[in-house]
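Examination of the molecular architecture
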Amino acid sequence: MGEWWRDGVIYQVYPRSFADSDGDGVGDLAGVLARLDHLVTLGVDALWLSPIQPSPMADFGYDVSDYCNVDPLFGTLADLDRLVAACHARGLRLVLDLVPNHSSDRHPWFLDSRGGRGASRRDWYLWRDPAPDGGPPNNWLSHFGGPAWTLDASSGQYYLHSFLPQQPDLNWRNPAVVAAMHGVLRFWLDRGVDGFRVDVIWLLVKDALFRDNPPEPGAAPDARPFARQRAVHTADQPETHAAIAGLRRVLDAYPGRMMVGEIYLPVERLVRYYGGALDECHLPFNFQLLLCAWDASAIAGVIREYEAALPAGAWPNWVLGNHDRPRVASRVGAGQARVAAMLLLTLRGTPTLYYGDELGLEDVAIPPERAQDPAGLREPGRGLGRDAVRTPMPWDASPGAGFTTGEPWLPLNADHASRNVAAHHAEPDSMLALHRRLLALRRATPALVRGTIEGVAAKDGVLRYVRSHDGRRVQVVLNLTATEREVGVAAGTILAATTAGRAGTVEGDVRLVAHEGLVVGVS
Ligand code: GLC
């Protein structure tokens, strides 16, 4: 116990959209540095930055062309060093995004690899001969639509890309790739970075025989082709675990470092990513709250299932938003978003909070001519674009919202004149104020940080549970409906409420107004 990644709260920053220091409309490291005190007053403990490495930006940084540098758009290595120092000076940890599954097609490794069948780094990537009909080697599909294979005309072979053709997959069965990536980790760890969020870690290794994926039996006929296949041979391969354990050994040579892995899998397979000896991810991201129905019974079920599946000694975690998924305020509604925040910050386990969610930022309507995300552009009409959840952080009511003096790369939220950090700071019952109160309460309440979770139950749209530590009990009751409810609570003092003016003691039957949640310190 006592590790920062257990006791703390992670805050995700999408660097293009947090703060722009030089007026080019895109956020940068100096911007993040200038706004660090927001994280401190908010009360989070660690900053996770989505990728900042040099990139042609085909997938906005998730296509890395140099793993050991900073893209000039974001600044320099010296800016990163300054950010690390500034974080540490404030007691914050800095977690970088690591994208080991694929590089950019402009990475020198791939430029070499595509040089021909005899290239020295040919087998750093996954090259295969065409099928007998000249088509792709098998039926694997890209997460971003279309085949996962692109033909390289000069050598007559196809290369694999689980995402864009500009994101060729590295060959994790090649020890030289593994060694190179370990070197990348050390490069950043030596600079004082506190850990990594590892991109698509459950996809690292692919079937050695490149067998076709079978159809997904339950898929709707009009589902996107990718969803009509079952990723039997392209995801969650047994060999992935050894690859992750290898990354972990590199981290473990440095004190206090952490690895959180991006994994979209059912719970029983997700928890295997802790490793049999807890020697893989410290935290395999738990996305269940992003995926389940927003309903008290469904969420109670998710909590119970997850808690029951955790291996002994494994530490849980919860996520309500990220740069790939709809904003929580859009998904559950503005009133319910306050309840969602209370849930996230009182569950057992490390919460990850997505920038802007502390303001209740909603998905921003993006006019078609401003759409940028390749995931949306390649499969139009399916609502796959992620631009809506990546819009600039609104800091104040000025024309550029304090984000930029130039033209923001994505539109600002239409209500930025009122929904911004400065406005919320001045308003005692704002979403920001609620987050600050909940985070402060969490920090001051061992039962919320380290306590057990018991009595997880749902009735009539109300979700409840108790957190206990050292004989102190904290009860949480959350009305997930838009109408009033009555619930029985143990006698105690209200420590936090989603609604204004709610304080004092409670006992017995308590009325919860619509979207009301209470944290009660049991007497
Ligand atoms: C992960 C990232 C996503 C990116 C993809 C490819 O899912 O979160 O933003 O597009 O990997 O790197």
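Note: the structure precedes this text.
Below or above, wherever it landed, is the structure these notes cover. Keep in mind the model is a prediction, meaning the values are calculated, not measured.

1. Focus: helix α10 (residues 296-309)
It helps to recall that an α-helix has 3.6 residues per turn; residues three or four apart then point in one direction. Helix length check: α10 (14 residues) gives 20 Å between terminal C-alpha atoms against 20 Å at 1.5 Å per residue, within 8%. Those residues of α10 that fall on the buried side of the exposure criterion are Ala296, Ile299, Ala300, Val302, Ile303 and Tyr306. Angularly, the buried residues of α10 cover 160° about the axis, an arc narrow enough to put them on a single face. The elements touched by buried residues of α10 are α8 (267-270), α9 (288-291), β10 (317-319), α12 (334-346), β12 (452-459) and β13 (462-469). One side-chain oxygen of the residue at the start of α10 lies 3.0 Å from the amide nitrogen of Ser297, identifying that residue as Asp295.

2. Quick notes on the nonpolar core
Core analysis: the largest hydrophobic core is formed by 148 residues, its most contacted members being Tyr11, Leu49, Leu80 and Leu463. Here the element with the most residues in this core is α12; it accounts for 8 residues. Apart from the residues within four sequence positions on either side, Leu80 is in contact with Leu29, Ile52, Val70, Leu94, Leu96, Trp188 and Val193. Counting residues in hydrophobic clusters, the runner-up holds 11 residues, among them Val462, Val477, Val487 and Ala497.

3. Examining helix α15 (residues 431-444)
For α15, spanning 14 residues, the distance from its first C-alpha to its last is 20 Å, which sits close to the expected 20 Å at 1.5 Å a residue. Buried residues dominate α15, accounting for 10 of its 14 residues. For α15, the full list of buried residues reads Met431, Leu432, Ala433, Leu434, His435, Arg436, Leu438, Leu439, Leu441 and Arg442.

4. Points about the sheet that holds strand β1 (residues 10-13)
Strand-to-strand pairing in sheets goes through backbone hydrogen bonds, with the strands running parallel or antiparallel. Read from one edge of the open sheet, 8 strands run β9-β8-β7-β3-β2-β1-β11-β10, paired in parallel fashion. Where the open sheet ends on each side, the last strands, each with one partner, are β9 (283-284) and β10. Each of β2 (46-49) and β3 (93-98) touches helix α4 (residues 77-89); the most contacted strand, β3, lies at about 140° to it. With respect to the sheet, helix α7 (residues 239-252) is in contact with β7 (195-198) and β8 (258-261), its orientation differing from that of β8 by roughly 155°.

5. Focus on the sheet that holds strand β6 (residues 157-160)
Pairing in this open sheet of 3 strands is antiparallel, and the strands run β4-β6-β5 from one edge to the other. Because the sheet does not close on itself, it has two edges, and the strands there are β4 (127-128) and β5 (149-152). Pairing analysis gives 4 bridges linking β5 to β6, with the strands arranged antiparallel. Bridge pairing links Leu151 to Tyr158 in β6.

6. Points about the packing of aromatic side chains
In total, this model carries 22 aromatic pairs according to the counting rule given. Summarising the aromatic geometry, the rings of Tyr14 and Trp409 are spaced 6.5 Å apart at their centres and angled 25° between planes, so their arrangement reads as stacked. Within this pair, whereas Tyr14 is found in the loop between β1 and α2 (29-34), its partner Trp409 is found in the loop between α13 (374-378) and α14 (421-426), the two being separated by 395 residues in sequence. In this structure Trp409 comes out as buried when scored by relative accessible area, which is 8%. Both rings, one in Trp149 and one in Phe210, keep their centres 6.0 Å apart while their planes meet at 50°; by these two values the pair is tilted. Taken as a pair, Trp149 in strand β5 and Phe210 in the loop between β7 and α7 lie far apart in primary sequence, 61 residues in all. The pair Trp149 / Phe210 is uniform in exposure class, with both members buried.

7. Structural notes on the site of the ligand
The environment of the ligand is formed by 14 residues, the closest being Asp59, Asp199, Glu262, His323 and Asp324. Take His102: an N or O atom from its side chain is 2.9 Å from an oxygen atom of the ligand. Between Arg386 and the ligand, the recorded distance is 3.0 Å, taken from a side-chain N or O atom to an oxygen atom. Look at the ligand: alone it shows 310 Å² of surface, and the protein chains cover 96% of it. Of the residues that constitute the shell around the ligand, the class distribution is 4 nonpolar, 3 polar and 7 charged.

8. A closer look at the pattern of salt bridges
Summed over all chains, the structure comprises 33 salt bridges. We note a salt bridge from Asp236 to Arg269, for which the minimum N-O separation is 2.8 Å. Taken together, the residues Asp236 in the loop between β7 and α7 and Arg269 in helix α8 connect sequence positions 33 residues apart. Given a relative accessible area of 29%, Arg269 falls into the partly exposed group. A salt bridge links Arg386 to Asp324, with the nearest nitrogen and oxygen atoms 3.0 Å apart. Within this pair, whereas Arg386 is found in the loop between α13 and α14, its partner Asp324 is found in the loop between β10 and α11 (328-332), the two being separated by 62 residues in sequence. Residue Arg386 is classed as buried on the basis of its relative accessible area, which comes to 10%. Put simply, Asp59, Asp324, Asp373, Arg386 and Arg390 are held in one network by salt bridges that share partners.

9. Details of unusual backbone geometry
Positive phi, normally seen in glycine, also occurs at Val200, with a value near 30°. Position of Val200 among the secondary structure elements: in the loop between β7 and α7. Of note in the backbone geometry, Leu278 takes a positive phi value of approximately 50° without being a glycine. Relative to the helices and strands, Leu278 resides in the loop between α8 and β9.

10. Quick word on the environment of Gly376
Assignment of secondary structure puts Gly376 in helix α13. Here the alpha-carbon distance between Gly376 and Arg304, two residues 72 residues apart in the chain, equals 35 Å. Once residues lying within four places of it in the same chain are set aside, the contact partners of Gly376 are Leu384 and Gly385.

About the criteria used
Residues numbered from 1 in each chain as written. Predicted model: local features only at pLDDT ≥ 70, side-chain atom pairs only at ≥ 80, totals over all residues. Heavy atoms only, no water. Helix = DSSP H or I, 4+ residues; strand = E, 2+ residues; numbered from the N terminus. Expected span 1.5 Å × (residues − 1). Buried < 20%, exposed > 50% of the residue type's maximum accessible area, 1.4 Å probe, protein only. Arc of directions from axis to C-beta. Contact = heavy atoms within 4.5 Å. Polar contact = N/O pair within 3.5 Å; in protein donor to acceptor, adjacent residues only side chain to side chain. Core = buried A, V, L, I, M, F, W, Y, C linked by side-chain atoms within 4.5 Å. Pairing = 2+ DSSP bridges. Axes fitted to C-alpha atoms, helices over the stretch in contact; angles between N-to-C directions. Phe/Tyr/Trp six-rings, centres within 6.5 Å; stacked < 30°, edge-to-face > 60°. Near = heavy atom within 4 Å. Areas by Shrake-Rupley, 256 points an atom, 1.4 Å probe, with all protein chains shown as cover. Nonpolar A, V, L, I, M, F, W, Y, C, P; charged D, E, K, R; others polar. Salt bridge = Lys/Arg side-chain N within 4 Å of Asp/Glu carboxyl O.

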